[in-house]
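# Structure at a glance
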Amino acid sequence: MKRDTSELDQQWGARLKRARLAAALSQRKLGVGIGLDETAANARINRYETGVHRPDLLTVRNIARELGVLVAYFYAESDELADLIYRHERASASVRKSIKKLLEDVPGLPAEAPLKHSPNKLRE
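This section reports on the structure supplied with the text. Quick caveat: nothing in here was measured; it's all calculated off a predicted structure.

Attention now moves to the nonpolar core. Soluble, globular proteins show a tendency: their nonpolar side chains are buried together. Ranked by size, the top nonpolar core spans 19 residues in total, and within it L16, I63, L67, V69, Y73 and F74 carry the most contacts. At the level of secondary structure, the elements contributing two or more residues to this core comprise α1 (7-22), α3 (38-50), α4 (57-67), α5 (71-75) and α6 (79-90). Among the elements that line this core, the one with the most residues is α4, at four residues. If sequence neighbours within four positions are ignored, V69 has contacts with A19, A64, F74, Y86 and R90.

Here it is as structure tokens:
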């Protein structure tokens, strides 16, 4: 019996495929890189990309690590935000600093008050 895939599953899978192709990895190589059995690696990654199966969070973390992206990239609310997350992660330190400076002028959280559990606090 074929399972219907949701729009979110398909969006998640499309982001995975884009990041995998950008990293120049085959489905099999990605699967093996995250610890899947060689015989099942290609099929499992294919099922993630088509939205047939959803990986658990630990698997997503392993995929993100292997592809050099943040987990947030896969779960961003919009493709525009996912693209910004992807590009930010690949930007040089000077470009990131410029982006941070630019965004400090946007109303929201004060620059001197980062979120308590901000991943950026861990990075700095």
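Moving on, we get to unusual backbone geometry. Where the residue is not glycine, phi is negative for most of them; where a peptide bond is considered, it is trans in most cases. Unlike most non-glycine residues, A24 shows phi in positive territory, near 60 degrees. Here A24 lies in the loop between α1 and α2 (27-33).

The geometry of α1 relative to α3 is characterised by a closest axis approach of 6 Å and an angle of 125 degrees between their N-to-C directions. Comparing their axes, α3 and α1 come out oblique. The residues of α3 that touch α1, namely those facing Q10, W12, G13, A14, L16, K17 and R20, are I45, Y48, E49 and T50. Here the residues of the contact of α1 with α3 sort into five nonpolar, three polar and three charged.

What counts, and where the lines are drawn
Residues numbered from 1 in each chain as written. Predicted model: local features only at pLDDT ≥ 70, side-chain atom pairs only at ≥ 80, totals over all residues. Heavy atoms only, no water. Core = buried A, V, L, I, M, F, W, Y, C linked by side-chain atoms within 4.5 Å. Buried < 20%, exposed > 50% of the residue type's maximum accessible area, 1.4 Å probe, protein only. Helix = DSSP H or I, 4+ residues; strand = E, 2+ residues; numbered from the N terminus. Contact = heavy atoms within 4.5 Å. Axes fitted to C-alpha atoms, helices over the stretch in contact; angles between N-to-C directions. Parallel < 35°, antiparallel > 145°, perpendicular 65-115°, else oblique. Nonpolar A, V, L, I, M, F, W, Y, C, P; charged D, E, K, R; others polar.

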